[in-house]
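Listed here are the chains, written in short residue letters.
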Amino acid sequence: MFQSGTYVVYGCKGVHKILGTTRLDLEGIPKDKDYYVMQAVKKPDGAVYAPVEASRTNMRSVMTKEQAESFLHTAEHIHALTCKTPKQREENCREGIKSCAPDALLQVIKTVLERREERARQGKKLTLSDLHFMEQAEDILYEELAISLSISRVEVEEKIKAYAS
């Protein structure tokens, strides 16, 4: 169980701060189940509720500072996804984002960056789905690293470029 004040990566929804737990008094919702009350780092105005005992919920603590630094040092060894077809690339990107694993997210980012270069050589721009994959992966990974390293998102982007190339 996560403690209040803990930052977690909550599925593909990004980084959230645990504010506490509660029981919901809503029709159709069991009254004896505890829910985390969370606040999205990206949108701190609202609240998100997630079951405490949900085995299907993909939720984990953000990396520690040491884990984040170690991740950055191994970033150059994380390669783009190898995909034979556009459909396979989309499926692999979706799965990488769904997993919320830092290396899978970086793989998605590197895959889309490679695709951007490829399409630029053809005189084309990225597709909307590629842009969406890139945005999702960057939002989750960069938010997590920013919190773990206590730096801004811009500084995270600079570090990723420096370590990942």
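Everything in this summary refers to the structure shown in the same document. (Residues numbered from 1 in each chain as written. Predicted model: local features only at pLDDT ≥ 70, side-chain atom pairs only at ≥ 80, totals over all residues. Heavy atoms only, no water.)

One pass over the full model with this rule turns up one aromatic pair. Arranged with centres 5.8 Å apart and planes meeting at 55°, the rings of Phe2 and Tyr36 form a pair that is tilted. One end of the pair, Phe2, is in the segment before strand 1 (7-10); the other, Tyr36, is in strand 3 (residues 34-40), with 34 residues separating them in the sequence. Taking the relative accessible area as the measure of exposure, Phe2 reaches 21% and is therefore partly exposed. (Phe/Tyr/Trp six-rings, centres within 6.5 Å; stacked < 30°, edge-to-face > 60°. Helix = DSSP H or I, 4+ residues; strand = E, 2+ residues; numbered from the N terminus. Buried < 20%, exposed > 50% of the residue type's maximum accessible area, 1.4 Å probe, protein only.)

For the rest of this paragraph, the subject is the nonpolar core. In this structure, Phe71, Leu106, Val108, Leu141, Leu145 and Ile160 are the most contacted members of the largest nonpolar core, which totals 32 residues. Those elements that provide at least two residues to this core are helix 1 (65-74), helix 2 (86-99), helix 3 (102-121), helix 4 (128-149) and helix 5 (153-164). It is helix 4 that provides the largest number of residues to this core, a total of nine residues. Within the second largest apolar cluster, seven residues are counted, among which are Tyr10, Ile18, Met38 and Ala50. (Core = buried A, V, L, I, M, F, W, Y, C linked by side-chain atoms within 4.5 Å.)

Turning to helix 3, a few remarks are in order. Helix length check: helix 3 (20 residues) gives 29 Å between terminal C-alpha atoms against 28 Å at 1.5 Å per residue, within 8%. Within helix 3, the full set of buried residues consists of Pro102, Ala104, Leu105, Leu106, Val108, Ile109, Lys110, Thr111, Val112, Arg115 and Arg119. Looking at the buried residues of helix 3, the elements they touch are strand 5 (59-61), helix 1, helix 2, helix 4 and helix 5. Positive phi shows up at Gly123, right after helix 3, with a value of about 75°. (Expected span 1.5 Å × (residues − 1). Contact = heavy atoms within 4.5 Å.)

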